[in-house]
Amino acid sequence: MTDSLKTLILFFPHAVAAGVAISVVCTLLGVFTILKNVVFVGVALSEVAACGIALGMTWHIQPFVGAVALTAAAVAALSYPFEMHRIPRDAVLGVIFVFASALGILVVSKSGFGLHEVKGLLYGDLILTSQGDLNVILAVLVPVLIYFLCFMRPTLYTFLDRESAKIMGIRTALWEFLYFFALGLTVSAASKAAGAILIFCFLVVAPAAGLLLSRRLGWVMLISLCGGLGSTFVGFYWSFRCDLPVNQAISVTACIWFGVAATVRFIQWMASRLSACMKQRR
Amino acid sequence: MSYPKPQQESIIKIERLFVRYGRSEILHDVSMEIPKGLFLPFMGPNGAGKTTLLRTILGLIRPSAGKVLKTFHPSDLGYVPQQRSIDNLYPVTAGQIVMMGLYPELGPWRRPNREQKERLNRLMEELGLNGHAGKAFGELSGGMKQKVLIARALVAEPEVLVMDEPTSELDEQSERDVLHKLSTLCEKRGKTVLLAHHGLDMKAAPTSTVCRVDHGSVRLVQSKNEPEPDGRGGNP
């Protein structure tokens, strides 16, 4: 396996570097996405970014610019505190998802793109990551990672207990907006290489496994990170050995990891029930 | 309507306050002064407007008319929400929740120093949370969660403490202990405590004055069926 991975890194250094960067940032942001109960924000923003890329390609502007512009607009709408109003944030997410995916297909259908470009737009292909794509990914994801690690505390407090945080002087609206903006930028930068499914996988599957295995935030983040990175390398290896599409191989590997975590959790739960029963009998 | 002069310095002054949600009026022409160092339960049936009044004092609800004047710094305000306000899904420990109360002192990066850690440990010990600091908040009992939230509000040593049904999940003994601790805070350290409570046992209440909230109207009354005090406010 080591030899295959070495060959992979040698022949596709950009793909591996992009995969690592996307998995690290998305899994860390994903823990908070799950805790905030906005899991579908990942898939909605991926569709918005894909729509932005399609618009950018049709209008001959930098696809990343199109993705960022549209994602920023979606993020501004999403960071509004919908909890206080008649419709939940999920409903707005649904509207954004439907609009972006339908508009993306309409734009693509009226453009002169071939099937290959359309597939690339919708599903991405990590293995085709170019030096230019990697530069964009690193230029966006490294600052996002620094922001997230530096300001995790106010972001966590905002998500954990918004009203108490506000009373403590935390600018909750600002931190919420910054989180969603960082998430939007990450999704925009990663969309072209990773595609909607892989981004959603990193945002949800690996962090969900982390949350199943621990009740401490530090450990949850570490387990999620390891799960994301492990799935990336195993997925690359699997795809290389069996000639499979890399994004889907990584996604399936992450889901298998989630299955393992769920099984471990179930065994832990059974063991604790059993021990409680034994204590009661004594 | 005339208000007799308060004997003590007012820490909160509410002037002709109206709060509306859509067409329904929750608070109607409320005026009152809350003196410093008072332990003041806000009492009334469910839906009477207790929480709305407290949330307006906290600045979480913008009034339709009128104003709430505060003479203390915003960072001197501690708040205990109902324990349901924190999702059990969060992988945070009781100790981490209490440490959240130190945010005004620590900011986004700093770690607590020795004095802050000692303060935190002392408070957790006083509230009977010994040995629970490392436990996941979501796995604690309702009463323990409530105590953790009270500890979070107290750790920053605020001047004014606002609590929304703080003892609703506690058993009788724990409720009495917590109320006693809060009234001691008022007496010894001059802290002002305002709490919403729909079923407070007035005989057990460590206070002589309560604020009765009933369908938008608010008045201060002496507990234990004594006649209304010399004002401090109310509405017609």
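Residues numbered from 1 in each chain as written. Chains lettered and ligands numbered in written order. Predicted model: local features only at pLDDT ≥ 70, side-chain atom pairs only at ≥ 80, totals over all residues. Heavy atoms only, no water.

### A closer look at the overall build of chain B
Check the secondary structure of chain B and you find 6 helices and 9 strands. For chain B, buried positions account for 54% of its 236 residues. Long-range contacts, defined here as pairs at least 24 residues apart, represent 67% of the contacts in chain B between residues at least 6 apart. Surface accessibility of chain B: about 11,300 Å² in total, with carbon and sulfur atoms responsible for 46%. (Helix = DSSP H or I, 4+ residues; strand = E, 2+ residues; numbered from the N terminus. Buried < 20%, exposed > 50% of the residue type's maximum accessible area, 1.4 Å probe, protein only. Contact = heavy atoms within 4.5 Å. Areas by Shrake-Rupley, 256 points an atom, 1.4 Å probe, with all protein chains shown as cover.)

### Observations concerning the interface of chain B and chain A
Chain B puts 34 residues into the contact, and the matching count from chain A is 26 residues. Roughly 2,600 Å² is buried in total at the junction of chain B and chain A, and carbon and sulfur atoms are behind 60% of that figure. At the junction of chain B with chain A, the criterion picks out 3 salt bridges. Ionic pairing is found between Arg215 of chain A and Glu139 of chain B, a salt bridge with its closest N-O pair at 3.4 Å. Secondary structure elements with two or more residues in the side of chain B that touches chain A: helix 1 (50-58), strand 5 (77-80), helix 2 (94-100) and helix 3 (103-106) of chain B. A class-by-class count of the residues in the side of chain B that touches chain A yields 20 nonpolar, 8 polar and 6 charged. (Buried area = accessible area lost by both parts, 1.4 Å probe. Salt bridge = Lys/Arg side-chain N within 4 Å of Asp/Glu carboxyl O. Nonpolar A, V, L, I, M, F, W, Y, C, P; charged D, E, K, R; others polar.)

### Quick notes on the packing of helix 1 (residues 2-11) of chain A against helix 11 (residues 217-242) of chain A
Relative orientation and spacing of two packed helices are given, respectively, by the angle between their axes and the distance between those axes. Residue and element names in this part refer to chain A. Interaxial distance between helix 1 and helix 11 falls to 10 Å at its minimum, and their mutual angle equals 90 degrees. By the angle class used here, helix 1 and helix 11 are roughly perpendicular. Residues Ser4, Leu5, Thr7 and Leu8 of helix 1 form the contact with helix 11, whose own contacting residues are Phe233, Phe236, Tyr237, Phe240 and Arg241. The class makeup of the residues in the contact of helix 1 with helix 11 is 6 nonpolar, 2 polar and 1 charged. (Axes fitted to C-alpha atoms, helices over the stretch in contact; angles between N-to-C directions. Parallel < 35°, antiparallel > 145°, perpendicular 65-115°, else oblique.)

### Some words on the pattern of salt bridges
All chains considered together, the criterion is met by 12 salt bridges over all chains. For Lys36 of chain A, the salt bridge identified is with Glu176 of chain A, shortest N-O distance 2.9 Å. Here the residue Lys36 of chain A occupies a position in the loop between helix 2 (13-35) and helix 3 (40-58), and Glu176 of chain A occupies one in helix 10 (residues 172-213), the gap between them amounting to 140 residues. Given the relative accessible area of 14%, Lys36 of chain A is considered buried. With relative accessibility at 1%, the residue Glu176 of chain A sits in the buried group. We note a salt bridge from Asp29 of chain B to Arg16 of chain B, for which the minimum N-O separation is 3.0 Å. Here the residue Asp29 of chain B occupies a position in strand 2 (residues 24-35), and Arg16 of chain B occupies one in strand 1 (residues 10-21), the gap between them amounting to 13 residues. Each of Lys36, Arg162 and Glu176 of chain A takes part in salt bridges that share partners, so that together they form one network.

### Focus on helix 5 (residues 89-110) of chain A
Each α-helix turn comprises 3.6 residues. Residues three or four places apart therefore point the same way. All names here are of chain A. For helix 5, built from 22 residues, the straight-helix expectation of 32 Å at 1.5 Å per residue is met to within 8% by its first-to-last C-alpha distance of 32 Å. Along helix 5, the residues that are buried comprise Arg89, Val92, Leu93, Ile96, Ala100, Ser101, Gly104, Val107 and Val108. Buried residues of helix 5, seen end-on, are gathered within an arc of 155 degrees and therefore sit on one face of the element. In helix 5, the exposed positions angled more than 90 degrees off the buried face are occupied by Val95, Val98, Phe99, Leu106, Ser109 and Lys110. (Expected span 1.5 Å × (residues − 1). Arc of directions from axis to C-beta.)

### Let's talk about the nonpolar core
One broad trend across soluble globular proteins is that nonpolar side chains are buried collectively. Ile22, Leu126 and Tyr179 of chain A are the most contacted members of the largest nonpolar core, which totals 111 residues. Considering every element that reaches this core, the biggest residue donor is helix 10 of chain A, with 17 residues. If we ignore the near neighbours within four places in the chain, the residues touching Tyr179 of chain A are Leu29, Phe32, Thr33, Tyr147, Phe148, Thr155 and Phe159 of chain A. The next biggest cluster of nonpolar side chains, apart from the first, holds 33 residues, and it includes Val19, Val30, Met32 and Val68 of chain B. (Core = buried A, V, L, I, M, F, W, Y, C linked by side-chain atoms within 4.5 Å.)

### Focus on the pairing of strand 5 of chain B
Residue and element names in this part refer to chain B. Burial along strand 5 is two-sided: Leu77 and Tyr79 facing one way and Gly78 and Val80 facing the other are all buried. The pairing of strand 5 with strand 6 (residues 160-164) spans 4 bridges and is classified as parallel. Across the sheet, the residue bridging to Gly78 is Leu161, located in strand 6. (Pairing = 2+ DSSP bridges.)

### Things to note about the sheet that holds strand 2 of chain B
Residues and elements named next belong to chain B. Spatially, 3 strands are ordered 2-1-4 in an open sheet, and the strand pairing comes out antiparallel. Of all the strands in the sheet, just strand 2 and strand 4 (65-70) have a single pairing partner and so form its edges. Across the sheet, the mean angle separating the axes of adjacent strands is 15 degrees when strand polarity is ignored. Across 8 bridges, the pairing between strand 1 and strand 2 is antiparallel. When the sheet's bridge partners are listed, Leu17 is paired in strand 2 with Val30. Relative to the sheet, helix 1 contacts strand 1, strand 2 and strand 4, its axis offset from that of strand 1 by approximately 120 degrees.

### Notes on helix 11 of chain A
All names here are of chain A. Look at helix 11: 36 Å from first C-alpha to last across 26 residues, which is about the 38 Å you get at 1.5 Å a residue. Those residues of helix 11 that are buried are in contact with helix 1, helix 2, helix 7 (131-150), helix 8 (152-160), helix 10 and helix 12 (246-281). Looking one or two places after helix 11, you find Asp243, whose phi comes out positive at around 55 degrees.

### A look at the pairing of strand 7 (residues 192-197) of chain B
All names here are of chain B. Counting buried residues along strand 7, 6 of its 6 residues qualify, which places the element largely inside the surrounding structure. Taken together, the 5 bridges between strand 3 (residues 39-43) and strand 7 define a ladder with parallel strand orientation. Paired with Phe39 across the strands is Val193, a residue of strand 7. Once you follow strand 6 into helix 6 (residues 172-189) and on to strand 7, the crossover reads as right-handed. (Right-handed = clockwise from strand over helix to strand, strands pointing away.)

### Regarding the confidence of the model for chain B
Residue and element names in this part refer to chain B. Looking at chain B, the pLDDT average stands at 80 and 86% of residues meet or exceed 70. Here helix 6 stands out as the element of chain B with the lowest mean pLDDT, 76, in contrast to helix 2, whose mean of 92 is the highest. Overall, residues 1-6 carries pLDDT values under 50, and its contacts beyond four positions in sequence, including any with other chains, amount to 13 contacts. This model gives residues 225-236 a pLDDT under 50, and the stretch forms 38 contacts once residues within four places in sequence are excluded. Here the complex is predicted with pTM 0.84, and the ipTM for its interfaces comes to 0.82. (pLDDT = per-residue confidence, 0-100.)

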